[in-house]
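In case you want the letters, here they are:
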Amino acid sequence: MASFLIEEFVGNGILKELVPKLVEEGWDDIPTLKLMNSEDMVAINMNQQQKDALEIRSYLHDRALLQYGDKLEASGKSLPEILNMNPSILSSDFGMKRGHIARFTDRTSSCAIPIPPTYVLPARKKTALLSMSDSVHGSELGSLNSRKVPTVARTSTRGSRNYNQSLEKSLSDIKIKEGHVFKGIVAAEPAGSTSCGCVQAPNVLDENILAPYSGIENISIQKLTPEYKIGMEHLVKTKTPPMKASELWRDKPAILLCIRRPGCIMCRAEAHQLYARKPIFDALGIQLIAVLHEQIDSEVKDFWPRYWGGVVILDREMDFFKALGGGKLLKDKFIKGFIFNPRAIANYKRAKAMGIEQNFKGEGEIKGGLFIVGNGKSGIAYQFIERNFGDWAPIAEVIEICTRIQKPQQDQGEFIEGSQES
């Protein structure tokens, strides 16, 4: 599994000397950095060797093959040239294993977000924001190009438009269809209502009820890490004081991923695939927060930022986990919940295929899940419960709900902007 740690991404190659410039220009995390295109590279004066290196390492990161980055970069060849090499050369010259060669040469699959066979790096401008004011569920994303783009500090460039189109394509690839049966529990009015009325409640797999907002807003939490950015310390050693959970989403909606155990292979896989979509969540104005119920410093250090670059918090009293279970912890024994559970075994195999390492430190019987919480007191818009070990909240559902809760915020912003102009 490819790490989100920048030192492992750039390796000992030519990009190492470029890190300060990347930070200055806002390309300060790996999911964002991988969205850079040729125009953005020119804007920060990257030479051809640096461009080739970034393209190679982005491709390798998608396939969890970064261990070959230094050798492939040192060859002086571009990614297309390397992809056209005979497998025997990839083995003899770069020491690539046979199974890794198959993964490397298969352009249709990856361990992260799927990319097309004609691999092209899309653009990214940190000042550009994608407007997602309409629901993915209802619009089929057919009219995305007609949507308004929020006003930004600097003039939008062609690169930023390309970035918007890239995110739109990513969203269209994971859209949910009309009549989709949600696996998670959805609020009838996610994160508040709009002026045109209530949001229609989608079909839900069962009749479970969302946890009450009052059950999570006053939870005492402690921040263990900030959001990861290039050039910062691997782990913030200064202890932060306890705070109310509601402070986390006071100004900005949040996804709270409740982790059963940070060393668990299935938990790491879920965290990785969610954080890999960070540019989409950035565009939607959504924070990414992982919730742990116990603090083992070595486990936090191994988990962040290798598998997760978002904020990590500690819920020492396990109140978020209790909220998922309707007031009590959802627990299962290893034998019953894993060994004799075909669904859990399938989840394990899915994570194992991603090449993730694991350990068995910490408590692993308390089941986790996911919350999406609107800003302020607008409430819980969605929750997903880990009924079987390793169950993930479907990414299409997560992005759909995040898209919906962005609309009231954008409407409010447009109202304020219009009032100021008048």
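Residues numbered from 1 in each chain as written. Predicted model: local features only at pLDDT ≥ 70, side-chain atom pairs only at ≥ 80, totals over all residues. Heavy atoms only, no water.

Caption draft 1: Local environment of the pattern of salt bridges. Under the criterion given, the structure shown has 20 salt bridges. Aspartate 29 is the partner of lysine 278 in a salt bridge, and the nearest nitrogen-oxygen pair spans 2.9 Å. Residue lysine 278 is located in helix H13 (residues 278-284), and its partner aspartate 29 is located in the loop between helix H2 (19-24) and helix H3 (30-33); the two are separated by 249 residues in the primary sequence. For the pair shown, lysine 278 and aspartate 29 are each scored as buried. (Salt bridge = Lys/Arg side-chain N within 4 Å of Asp/Glu carboxyl O. Helix = DSSP H or I, 4+ residues; strand = E, 2+ residues; numbered from the N terminus. Buried < 20%, exposed > 50% of the residue type's maximum accessible area, 1.4 Å probe, protein only.)

Caption draft 2: Region of interest: the sheet that holds strand E2 (residues 220-225). Pairing is mixed in the open sheet, where eight strands are placed in the order E1-E8-E7-E4-E5-E6-E2-E3. Of all strands in the sheet, those bounded by a partner on one side alone are strand E1 (185-186) and strand E3 (243-244). The sheet contact formed by strand E4 (residues 254-258) and strand E5 (residues 287-292) spans five bridges and is parallel. Looking across to E5, one finds that isoleucine 255 is bridged to leucine 288. The strands touched by helix H12 (residues 265-275) are E4, E5 and strand E7 (369-373); relative to E4, the strand with the most contacts, the crossing angle is about 165°. (Pairing = 2+ DSSP bridges. Contact = heavy atoms within 4.5 Å. Axes fitted to C-alpha atoms, helices over the stretch in contact; angles between N-to-C directions.)

Caption draft 3: Highlighting the nonpolar core. Ranked by internal contacts, the top residues of the largest apolar core, which has 87 residues, are Phe104, Ile255, Phe281, Trp308 and Leu370. Setting aside chain neighbours within four positions, we find isoleucine 255 in contact with Leu274, Phe281, Ile286, Gln287, Leu288, Ile289, Leu370, Phe371, Ile372, Val398 and Cys402. Counting 27 residues, the second-largest nonpolar core is a separate cluster that includes Ala211, Ala245, Phe320 and Ile385. (Core = buried A, V, L, I, M, F, W, Y, C linked by side-chain atoms within 4.5 Å.)

Caption draft 4: Seen up close, unusual backbone geometry. Residue proline 305 is reached from tryptophan 304 by a cis peptide bond, and omega for that bond is 0°. One can find proline 305 in the loop between helix H14 (297-303) and strand E6 (311-314). The phi dihedral of asparagine 45 is positive, around 60°, even though this residue is not glycine. Inspection of the secondary structure assignment puts asparagine 45 in the loop between helix H4 (38-43) and helix H5 (48-62). One non-glycine residue, alanine 64, lies in the positive phi region at around 55°. Inspection of the secondary structure assignment puts alanine 64 in the loop between H5 and helix H6 (69-74).

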